[in-house]
Amino acid sequence: DHIGSLCFFAAFQIILCLILGCAGISIIWNAAEGFKALDVFFARHATQHGGWASPLALLLITASVAAAMDLYYAITAEPITTVAHICAIAMGLLT
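Everything quoted here is computed from the prediction, not taken from an experiment.

Parameters at a glance
Residues numbered from 1 in each chain as written. Predicted model: local features only at pLDDT ≥ 70, side-chain atom pairs only at ≥ 80, totals over all residues. Heavy atoms only, no water. Helix = DSSP H or I, 4+ residues; strand = E, 2+ residues; numbered from the N terminus. Buried < 20%, exposed > 50% of the residue type's maximum accessible area, 1.4 Å probe, protein only. Contact = heavy atoms within 4.5 Å. Areas by Shrake-Rupley, 256 points an atom, 1.4 Å probe, with all protein chains shown as cover. Phe/Tyr/Trp six-rings, centres within 6.5 Å; stacked < 30°, edge-to-face > 60°. Core = buried A, V, L, I, M, F, W, Y, C linked by side-chain atoms within 4.5 Å.

**Structural notes on the overall build of the protein**
Then, in step 1: When you go through the protein residue by residue, the secondary structure sums to four helices and zero strands.
Then, in step 2: Each helix and strand of the protein, placed in order from N terminus to C terminus, yields the pattern α-α-α-α.
Then, in step 3: Sorting the 95 residues of the protein into buried and exposed places 25% on the buried side.
Then, in step 4: At a minimum sequence separation of 6, the contacts of the protein that also span at least 24 residues come to 56%.
Then, in step 5: Split by element, the accessible area of the protein, about 6,300 Å² in all, is 76% carbon and sulfur.

Put into structure tokens, the structure is as follows:
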């Protein structure tokens, strides 16, 4: 399930870049963050986790890194890049 989703995100990124002539992996990390957010949401309702390495803590760390990278691209890249990142997060949430 998780590997399949990651493979789908990677294939989507590769095909997108082949068609549009873009480069990078930001679609993958944004889609993975959206997917992970939904995964953590459902996992927290199913079981109790504790400690610093809980799924929620790890999600907050990785989401913070992804948000910082997205902010950098929002400042330095064309606006369509930000739109693509938002769409990728939505794709991850809907996967």
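**A short note on the packing of aromatic side chains**
Then, in step 1: For the coordinates displayed, the defined rule picks out five aromatic pairs.
Then, in step 2: Seen from their ring centres, Phe8 and Phe12 are 6.4 Å apart, and the 40° between their planes marks the pair as tilted. Taken together, the residues Phe8 and Phe12, both in helix H1 (residues 2-20) and four residues apart, mark about one turn of the helix.
Then, in step 3: For Phe12, a relative accessible area of 36% corresponds to the partly exposed category.

**Focus on the nonpolar core**
Then, in step 1: Grouped together as the largest cluster of nonpolar side chains are six residues: Phe9, Ile27, Ala31, Phe35, Ala88 and Met91.
Then, in step 2: For this core, the secondary-structure elements that each account for two or more residues are helix H2 (26-46) and helix H4 (79-94).
Then, in step 3: Per element, the largest residue contribution to this core is three residues, and it comes from H2.

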